[in-house]
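Examining the three-dimensional arrangement
Next come the chains, spelled out residue by residue.
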Amino acid sequence: METVITSLLDFFGISAVPTDFPTFIHWLCSLLAGLYFVKFTMVSVFSFIKFLNREGMRQ
């Protein structure tokens, strides 16, 4: 799990945690936006798959 988190942080370009406050807040907001993007993408994909499964069962 640690490698997954590290690779996600590297993917979004926010792998190094800054030490000063303004940069840290920017880093934290970027992290939250990245996580929200991943969640939105996963929910969209799996809800589409669920929709296709339901449509296949009706036929």
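Now for a quick tour of the structure.

What counts as what
Residues numbered from 1 in each chain as written. Predicted model: local features only at pLDDT ≥ 70, side-chain atom pairs only at ≥ 80, totals over all residues. Heavy atoms only, no water. Helix = DSSP H or I, 4+ residues; strand = E, 2+ residues; numbered from the N terminus. Rg over C-alpha atoms; globule rule 2.2 N^0.38 Å. Buried < 20%, exposed > 50% of the residue type's maximum accessible area, 1.4 Å probe, protein only. Areas by Shrake-Rupley, 256 points an atom, 1.4 Å probe, with all protein chains shown as cover. Lys, Arg positive; Asp, Glu negative; His and termini not counted. Charge placed at Lys NZ, Arg CZ, Asp CG, Glu CD. Phe/Tyr/Trp six-rings, centres within 6.5 Å; stacked < 30°, edge-to-face > 60°. Patch = residues over 30% accessible without salt bridge, like charges linked within 9 Å, V, L, I, M, F, W, Y side chains within 5 Å. Salt bridge = Lys/Arg side-chain N within 4 Å of Asp/Glu carboxyl O.

With respect to the overall build of the protein
- The helix and strand tally for the protein stands at two helices and zero strands.
- In summary, the protein has a C-alpha radius of gyration of 17 Å against a globular reference of 10 Å for 59 residues, an excess of more than 25%.
- With the C-alpha coordinates of the protein rotated into their principal frame, the extents come out at 60 × 20 × 15 Å.
- Each of the 59 residues in the protein was classed as buried or not, and the buried ones make up 10%.
- Put simply, the protein shows about 5,200 Å² of open surface, and 72% of that area lies on carbon and sulfur atoms.
- Of the charged side chains in the protein, 4 are positive and 4 negative; the average position of the first set lies 25 Å away from that of the second.

Quick look at the packing of aromatic side chains
- Overall, the coordinates contain one aromatic pair when judged by the stated rule.
- Ring centres of F24 and W27 lie 5.7 Å apart, and the angle between their planes is 25°; on these two criteria the pair is classed as stacked. Of this pair, F24 and W27 both sit in helix 2 (residues 21-58), three residues apart, which is roughly one turn of that helix.
- Among the residues examined, F24 registers a relative accessible area of 29% and is labelled partly exposed.

Brief notes about a nonpolar patch on the surface
- Together, F21, I25, L28, L32 and L35 make up a nonpolar patch on the protein surface, roughly 460 Å² of accessible area in all.
- A relative accessible area of 45% means that L35 is categorised as partly exposed.

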